[in-house]
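Architecture and fold: a report
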Amino acid sequence: AFDILARLQVDYPMLFQLQSPDKGTLTHCGVLEFTAEEGSCVVPFWMMQNLLIEEGAVLTVSNISLPKANYVKFQAQHVDFLEISNPRAVL
């Protein structure tokens, strides 16, 4: 599969849509490395939970191009973040 992707004209970084046909859920992700066996992919547990799937579930993986964001708003999850001298540098 990686050989096919490498020959196609894809945007970098490579982004993928993961969809569970059984559950009707989907998410988007990037890739760290192409080392899984052909026909399989390794997905973090938290992403499996978001997709409502278990180990061994079938996923449809599609290469996708997403529009670049032009605005994002973050909210601190802890008051310790307010004590950082330069929050922009940390982000």
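Above this note sits the structure.
Quick look at the structure, then. These numbers were taken from a predicted model, which means no experiment stands behind them.

Describing unusual backbone geometry
Within the chain, Leu52 stands out as a residue other than glycine whose phi angle is a positive 60 degrees. Here Leu52 is to be found in the loop between helix 2 (45–51) and strand 3 (60–64).

What to know about the state of the cysteines
This structure, assessed with the given rule, holds zero disulfides. No disulfide involves Cys29; its sulfur sits 7.8 Å from that of Cys41, the nearest cysteine. Cys29 sits in the buried class, given a relative accessible area of 17%. Given the relative accessible area of 42%, Cys41 is considered partly exposed.

What to know about the nonpolar core
Across soluble globular proteins, you tend to see nonpolar side chains buried next to one another. Listed in full, the 11 residues of the largest apolar core are Val10, Met14, Phe16, Leu18, Cys29, Val43, Met47, Met48, Leu51, Ile53 and Leu59. Contributing elements (two or more residues each) for this core: strand 1 (15–20) and helix 2. The element best represented in this core is helix 2, accounting for three residues. When neighbours within four sequence positions are excluded, Met47 is seen to be in contact with Leu18, Thr27 and Cys29.

Structural notes on the side chain of Thr25
With respect to the element layout, Thr25 can be found in strand 2 (residues 25–29). Ignoring any residue separated from it by four or fewer positions in sequence, one finds Thr25 in contact with Leu18, Gln19, Ser20, Leu51 and Leu52.

Looking at the sheet that holds strand 2
Judged by pairing direction, the sheet is antiparallel, and its three strands sit side by side in the order 2-1-3 without closing on themselves. Both edges of this open sheet fall to strand 2 and strand 3, since each of them pairs with a single strand only. For this sheet, the mean inter-axis angle between neighbouring strands, taken without regard to orientation, is 25 degrees. Relative to strand 3, strand 1 runs antiparallel, the two being bridged by five bridges. Counterpart to Phe16 in the pairing with strand 3 is Asn63.

A few points about a nonpolar patch on the surface
A cluster of nonpolar side chains, contributed by Val72, Phe74 and Leu91, occupies part of the molecular surface with about 370 Å² of accessible area. Its place among the elements puts Leu91 in the segment after helix 3 (87–90).

About the criteria used
Residues numbered from 1 in each chain as written. Predicted model: local features only at pLDDT ≥ 70, side-chain atom pairs only at ≥ 80, totals over all residues. Heavy atoms only, no water. Helix = DSSP H or I, 4+ residues; strand = E, 2+ residues; numbered from the N terminus. Disulfide = S-S within 2.5 Å. Buried < 20%, exposed > 50% of the residue type's maximum accessible area, 1.4 Å probe, protein only. Core = buried A, V, L, I, M, F, W, Y, C linked by side-chain atoms within 4.5 Å. Contact = heavy atoms within 4.5 Å. Pairing = 2+ DSSP bridges. Axes fitted to C-alpha atoms, helices over the stretch in contact; angles between N-to-C directions. Patch = residues over 30% accessible without salt bridge, like charges linked within 9 Å, V, L, I, M, F, W, Y side chains within 5 Å. Areas by Shrake-Rupley, 256 points an atom, 1.4 Å probe, with all protein chains shown as cover. Salt bridge = Lys/Arg side-chain N within 4 Å of Asp/Glu carboxyl O.

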